[in-house]
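Okay, here's what each chain looks like letter by letter:
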Amino acid sequence: MTTTAADRARRTSARTLFPKPGHRWLVTVAMAAVLAAAGTGLAQDIDKTATGETKIDLTATNAADDWKLLDSTASITDGELVFDGRKKISRAFYLPHEWKDVSLRAEFMVEPAAAGVLACGFMVRASSTAEYYYVHFDRGQAILVQSSPDTSWKEIRRVSGLNKPAGTWHTASLTCRGNVLSVSLNGKELYSIENDSFARGRIGFYGSQGIVHVRNIVVEGTPLKPAGELKVPPRDYSIVAEDAGAGAYEAFPDVCRLNDGRLMTVYYAGYSHVALPNEKLPLGGRISCSTSDDEGRTWSEPATLYDGPDDDRDPSLMQLPDGRLICNFFSLKKTPGSPRGFTGQGTWIVTSNDLGKTWSKARKISDDYCSSPIRRLKDGRLILGLYHADPKTAYGTVIYSDDHGDTWSDSVAIDNGGIRLDAETDLIELKDGSLYAVLRAKACYSISRDRGETWTVSEPIGFPAHCPYLHRTVDGIILLGHRLPGTSLHYSLDECKTWSENVPVDTHIGAYPSMVNLKDGTVLFVYYEEGGGSNIRAKRLKVTPEGVTWLPYPEWNVEE
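Caption draft 1: Local environment of the confidence of the model for the chain. The predicted model of the chain has a mean per-residue pLDDT of 90, with 90% of residues at 70 or higher. Across residues 1–47, where pLDDT falls below 50, the model places 75 contacts with residues more than four positions away in sequence or in other chains.

Caption draft 2: A look at the pairing of strand β28 (residues 382–389). In terms of burial, β28 is largely enclosed, as six of its eight residues are buried. Note that strand β26 (residues 369–370) and β28 share two bridges and pair antiparallel. When the bridges of β28 are listed, Cys370 appears paired with Leu386. Inspection of the sheet shows strand β27 (residues 375–376) paired to β28 by two bridges, in the antiparallel sense. Following the sheet pairing, Arg376 is matched in β28 by Leu382. Connecting the antiparallel pair β27 and β28 is a turn made up of five residues, with Gly380 showing a positive phi of about 100°. The pairing of β28 with strand β29 (residues 394–401) spans eight bridges and is classified as antiparallel. Paired with Ile383 across the strands is Tyr400, a residue of β29. Count of turn residues in the β28/β29 antiparallel hairpin: four residues.

Caption draft 3: Main features of the pattern of salt bridges. Following the criterion strictly, the structure yields 27 salt bridges and no others. Here the salt bridges do not stand alone but share partners, grouping Asp379, Arg381, Asp402, Arg451 and Glu453 into one network.

Caption draft 4: Expanded view of the nonpolar core. Among the nonpolar cores identified, the biggest contains 40 residues, and Trp67, Phe122, Ile203, Phe205, Val214 and Ile217 are the most heavily contacted of them. Residue contributions to this core peak at five residues, all from strand β7 (residues 102–110). Grouped together as the second largest cluster of nonpolar side chains are 32 residues, Val412, Ile414, Leu435 and Leu439 included.

Caption draft 5: Quick look at the pairing of strand β20 (residues 286–292). Of all seven residues in β20, seven are buried; the element is thus mostly enclosed. Burial of β20 is two-sided: the residues Arg286, Ser288, Ser290 and Ser292 facing one way and the residues Ile287, Cys289 and Thr291 facing the other way are all buried. Bridging between strand β19 (residues 263–270) and β20 involves seven bridges; their strand directions are antiparallel. Among the inter-strand pairings, Ala269 is bridged to a residue of β20, identified as Arg286.

Caption draft 6: Here's a closer look at the sheet that holds strand β11 (residues 154–159). Strand order in the open sheet formed by seven strands is β3-β6-β15-β8-β9-β10-β11, with antiparallel pairing between adjacent strands. If you trace the sheet from one side to the other, it starts and ends with β3 (67–69) and β11, each paired once. Shown here is a sheet whose adjacent strand axes are inclined to one another by a mean of 15°, direction ignored. With six bridges joining them, strand β8 (residues 119–128) and strand β15 (residues 202–208) adopt antiparallel strand pairing. Directly across from Met123, in β15, lies its bridge partner Gly204.

Caption draft 7: Here's a closer look at the sheet that holds strand β37 (residues 487–492). Taken in spatial order, the four strands of this open sheet run β35-β36-β37-β38, and their pairing is antiparallel. The open sheet has two edge strands with one neighbour each: β35 (466–472) and β38 (503–506). On average, adjacent strands in this sheet sit at an angle of 25° to one another, irrespective of strand direction.

Reading the values: the criteria
Residues numbered from 1 in each chain as written. Predicted model: local features only at pLDDT ≥ 70, side-chain atom pairs only at ≥ 80, totals over all residues. Heavy atoms only, no water. pLDDT = per-residue confidence, 0-100. Contact = heavy atoms within 4.5 Å. Buried < 20%, exposed > 50% of the residue type's maximum accessible area, 1.4 Å probe, protein only. Helix = DSSP H or I, 4+ residues; strand = E, 2+ residues; numbered from the N terminus. Pairing = 2+ DSSP bridges. Salt bridge = Lys/Arg side-chain N within 4 Å of Asp/Glu carboxyl O. Core = buried A, V, L, I, M, F, W, Y, C linked by side-chain atoms within 4.5 Å. Axes fitted to C-alpha atoms, helices over the stretch in contact; angles between N-to-C directions.

See the structure below:
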């Protein structure tokens with residue numbers, strides 16, 4: 001990992017504030033028979049004492065050889081594991097041994113920061129980099145979690161309200177004895193619970209949404225020869241954007257195929273879910289974009305598409321047959337003294353005639369709010385799903401244009417049927433020419449048979465869904481991406497009359513998904529993570545009447 005002058009200064013400051021013990025742990029040879037039984041090839045940084053404790057010396061010259069530093073942001077520096085998890089989680093696994101009954105104890109310190117959960121994680125019984133128990137120590141909680149290839153966050157138990165300030169060294173432990181798991185912090189057991197999912201594996205640590213230091217690692221238990229190399233399952237997603245330079249919080253993406261063959265994703269860039277103007281970001285949140293010329297496998301560095309005087313957010317993108325791009329979004333104006341600190345400024349559009357190299361001035365087209373792209377009907381009409389919300393009610397609306405987006409109709413309300421619908425409306429044209437709209441949050445639908453000028457009363461679909469997005473595959477199957485639970489997907493084989501069971505996409509709950517058909521007939525599914533350091537992700541899927549298949553990231557076919 002490249003070390004900058006700022007990093008060296010920061011670490012020097014940390015060492016001054018939090019000095020390490022002045023002695024180096026000694027390497028001894030004891031209980032030779034036990035060690036021999038554990039397997040040959042023991043690393044030189046092991047001190048196996050008669051008490052059954054393995055002390056891991058991070059000051060040894062070759063200490064890093066015994067660790068799988070899974071991310072470039074993880075390092076061993078000055079006798080400490082250091083994780084820079086500000087942009088994404090940073091992990092390390094200890095390779096020489098596995099343990100069944102094990103107690104992992106260490107000291108950790110998270111550097112103070114205004115944003116982020118500032119979490120340090122202890123991992124045990126790791127059979128791969130995706131399958132293990134871990135305890136997640138964040139600002140004030142200790143959360144015991146099970147990670148598996150299907151979900152990285154299956155919560156087992158948590159305790160909140162802990163006095164665990166950043167900038168202070170703490171001692172913690174995660175213990176597994178048979179099927180009993182115990183978590184302790186600063187000498188006090190927080191809880192103990194039974195779980196028998198994992199029997200043995202390696203130990204490790206991580207840092208998330210902060211800079212984390214770990215030292216004085218002690219493992220109690222009998223070290224076992226590993227069953228094999230640490231497995232690193234192939235990643236099943238690509239990263240579209242990590243940090244667009246506005247605070248490292250990226251959200252609300254939308255992807256579009258350009259007429260030159262590339263993909264373009266537009267997204268919100270700010271410092272949190274709402275990024276109003278401040279000293280560091282005087283124009284507030286902005287609209288950023290990235291492009292891909294290999295079908296979503298890799299993406300260009302983020303570029304700023306539009307940055308007005310307010311918090312500009314939730315962008316979507318479409319291209320007209322003449323090549324003109326239209327990006328729609330809405331804005332929040334900083335308003336001191338208002339109940340939420342801001343007031344909505346309605347929906348705006350900017351256009352480009354040169355494939356996004358330059359953009360027009362922003363033009364307001366509605367007082368309502370958008371969360372989906374402009375859809376082009378078979379007859380050329382443009383229609384945009386919107387939503388209206390006030391303290392008394394909320395419902396979906398649409399506006400439409402018959403002159404290629406130059407002028408727009410007044411809002412057409414969709415009757416919410418007495419259900420408050422903070423609608424985030426999206427719609428799709430069905431084969432019979434009717435329009436099918438989905439509205440948040442109980443997930444209701446409405447139908448128009450006159451090109452969007454009137455709509456039926458909203459009715460529940462049968463499952464909850466935030467931020468719905470409708471998409472038709474090359475084979476005519478209709479997909480509905482949404483949030484809850486996590487990031488999810490349903491599909492319909494009968495033009496939205498019925499829907500499949502829920503198909504999990506990701507445990508991350510950001511969502512606001514978007515989809516585009518790829519050249520090989522598969523579908524790219526783009527969404528965001530949520531939380532400090534939120535990234536934009538993309539996954540690739542194939543859907544048939546038999547179901548959905550996810551295609552691992554390394555296997556993406558980038559050929560036409």
